[in-house]
Amino acid sequence: MEEEKGGLVQSLIDAVNQIASIGDYRCPVKKEYCNLARRLKLLTPMFEEIRESKQQIPEETFRALVSLKEALLTAKELLRFGSEGSKIYLVLEREQIMHKFHEVTAQLEQALSGISYENLDISDEIKEQVELVLAQFRRAKGRVDAPDVELYEDILSLYNNSNDAAADPDVLRRLAEKLQFVGIAELTQESLALHEMVSASGGDPGETFEKMSNLLKKIKDFVQTENPNMDAPAREKNLPPSGSGQATTDGSHRTPAIPDDFRCPISLELMKDPVIVSTGQTYERSCIEKWLEQGHGTCPKTQQTLSSPALTPNYVLRSLIAQWCEANGIEPPKRPSSSRPSKTTSAYSPAEHTEIEGLLRKLTSSNPEDQRMAAGEIRLLAKRNADNRVAIAEAGAIPVLVSLLSTPDSRIQEHAVTALLNLSICEDNKGSIISFGAVPGIVQVLKKGSMEARENAAATLFSLSIVDENKVTIGASGAIRPLVTLLSEGTQRGKKDAATALFNLCIYQGNKGKAVRAGVIPTLMHLLTEPGGGMVDEALAILAILASHPEGKSAIGAAEAVPVLVDVIGNGSPRNRENAAAVLVNLCVGDQHLAEAQELGVMGPLADLAQNGTDRGKRKAAQLLERMSRFVEQQKLAQAQAEAKPQQSQSQSQNQQPRPPSLANAVDS
């Protein structure tokens, strides 16, 4: 019995200590939860005196303490959710939360009432303190402060409204202030809380989670619009107070809505360093790393178990984000330098380094067979894992591989360029490959190598062009024309590699004209209309990025692209409809293409895109519809004026007919 007493009392002390360690509580339940935690902490001295006492605990009191332990554990979970849970959920489900709160309060009051304090070896002072706590619990039973009705109604109005444009700025401002969503940290914490709820519910997000997530996006977009410097220090992050005069409807200062595909599902922020997890979902690196560090083994979005904790950079999405930023006049997000060590080092043993050094010796030998074998081995090692890539670079392989790009042996050349491709996956190696002068050799392989070598050369240029300054270097090296050639005549894989490289390079404005002059537009138009070609996505993405350039716009117009674009807007995938509309927006700045698009029946598909497209697609469709409407009005006005001219001329000719001679003139004559 003594051992049971000691274990029980210690568990009571531990439970209260855990409750005391819980941080600040969310604003919707702050008052009630703070009061509950404060009362429970006052019980610790009683538990400590019982632990020190040699007197046996009466059986009835022992049972009451067991009930108290169960009540404390329930209270701990309730309070933890009040500290870490979703603020939006706490407001929407306040009635359910408060019902649970009162159940716990009643459970605690009942357990405390069942303790026979007179039979316990505790001081009078402690008895008085516990009696005070018990009295407070009795008074709190069934009593609750009036909820913030305005806060609840504001959240409910947005929760049930799926129309982004209909969100009232005043409502959004009140919510941001009352829920204390004033910056990135608070919004990210709320998003993580929502994802924790999904994880705890067994992985089925359900409609409720989707609605709360969409509601959070609306608030986040508003906060970012009101306070563009959200990444500034906390003292600079305060929202402007209601009625401060900072209008949110001023189009010239409004931050464009971030497409959902470009947001991290956890933080809801524009991704700086998107990475792919094993389920295929993409997240911001820092957010998913934090999620994994918290001990989760599932994908936050799908709740599937992650087969591996590996994170793979999503280079294509990063390029798309950069393109979107450029198109909207936004500075592309910089990848945080603190997310990884400044210099990667390998975890290789001396024996493994010796093996790589042996391969390098063969690579520099005069025997082509040795070179071919060593280059092939290094190619495979570099493909296998990140440690290999670091170790091979540390051993000094990069300059040797660069020198082999100009070898007349096509197989060695193919191995060398592919090894550089695999090594370039490591971020630190990208700079080394550029600094050792690899680009001219890679371009030469792209022009003259075997088809597989050309494909891998294109893929290497894409990998290197992830770094912004490398786009300039590669564009100036003469790489764009052979990439266009590969896009035209390569295998399916070669075309894909060339397209991704061209897309990435053309994010830099200086490369767009070079691509147009290299003849990329006719090639892209052929890919767009080629039956079963499988290159429509890539072709439209490149056209969308080139259409903003004067030479690109002119060449696309000359290529008679309007009928193809109108067809895609009507029948394409969501992303292709968006890109086709983006191209058409740039083309339709004069009457010629507007008239052609109108005759082809673009108005209906545009109206559908404006309602059901992606965020960017909706904006492009709205722009086109506005221009079309103005054009139609101008046509009607011109037609009315043209019809009025013959009537006016007829009226004037009737006024000029010769009059018959008057009677007086007839007599005089």
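Everything numeric here is computed off the predicted structure, so don't read it as measured data.

1. Section: the overall build of the protein chain
When you go through the protein chain residue by residue, the secondary structure sums to 34 helices and three strands. Relative to its full complement of 669 residues, the protein chain shows a buried share of 47%. A fraction of 72% describes how many contacts in the protein chain between residues 6 or more apart in sequence connect residues 24 or more apart. Here the protein chain has roughly 32,000 Å² of accessible surface; of this, 50% comes from carbon and sulfur atoms.

2. Things to note about the pattern of salt bridges
On inspection of all chains with the given rule, the structure shows 28 salt bridges. Here Arg372 and Glu369 are joined by a salt bridge, their closest N and O atoms 2.7 Å apart. Of the two residues, Arg372 and Glu369 both sit in helix H15 (residues 368-384), three residues apart, roughly one turn of that helix. With a shortest N-O distance of 2.4 Å, Asp409 and Arg372 are connected by a salt bridge. Of this pair, Asp409 sits in the loop between helix H17 (397-404) and helix H18 (410-423) while Arg372 sits in helix H15, and the two are 37 residues apart along the sequence.

3. Details of the sheet that holds strand E2 (residues 282-284)
The strand order E2-E1-E3 describes an open sheet built from three strands, whose pairing is antiparallel. Of all the strands in the sheet, the pair left with one neighbour each is E2 and strand E3 (312-313). The pairing of strand E1 (residues 274-276) with E3 spans two bridges and is classified as antiparallel. Each bridged residue has a counterpart across the sheet, and for Ile276 the counterpart in E3 is Thr312. Set on the sheet, helix H12 (residues 285-293) makes contact with E1, E2 and E3; between it and E2 the angle comes to about 95°.

4. With respect to the packing of helix H29 (residues 562-571) against helix H30 (residues 574-587)
Between H29 and H30, the least distance of the axes is 8 Å, while the angle of their chain directions is 140°. In this structure, H29 meets H30 at a crossing whose hand is left-handed. Contacts between H29 and H30 involve Val562, Leu565, Val568 and Ile569 from the former and Asn576, Arg577, Ala580, Ala581, Val583, Leu584 and Leu587 from the latter.

Conventions adopted
Residues numbered from 1 in each chain as written. Predicted model: local features only at pLDDT ≥ 70, side-chain atom pairs only at ≥ 80, totals over all residues. Heavy atoms only, no water. Helix = DSSP H or I, 4+ residues; strand = E, 2+ residues; numbered from the N terminus. Buried < 20%, exposed > 50% of the residue type's maximum accessible area, 1.4 Å probe, protein only. Contact = heavy atoms within 4.5 Å. Areas by Shrake-Rupley, 256 points an atom, 1.4 Å probe, with all protein chains shown as cover. Salt bridge = Lys/Arg side-chain N within 4 Å of Asp/Glu carboxyl O. Pairing = 2+ DSSP bridges. Axes fitted to C-alpha atoms, helices over the stretch in contact; angles between N-to-C directions. Left-handed = near helix turned anticlockwise from the far one by under 90°.

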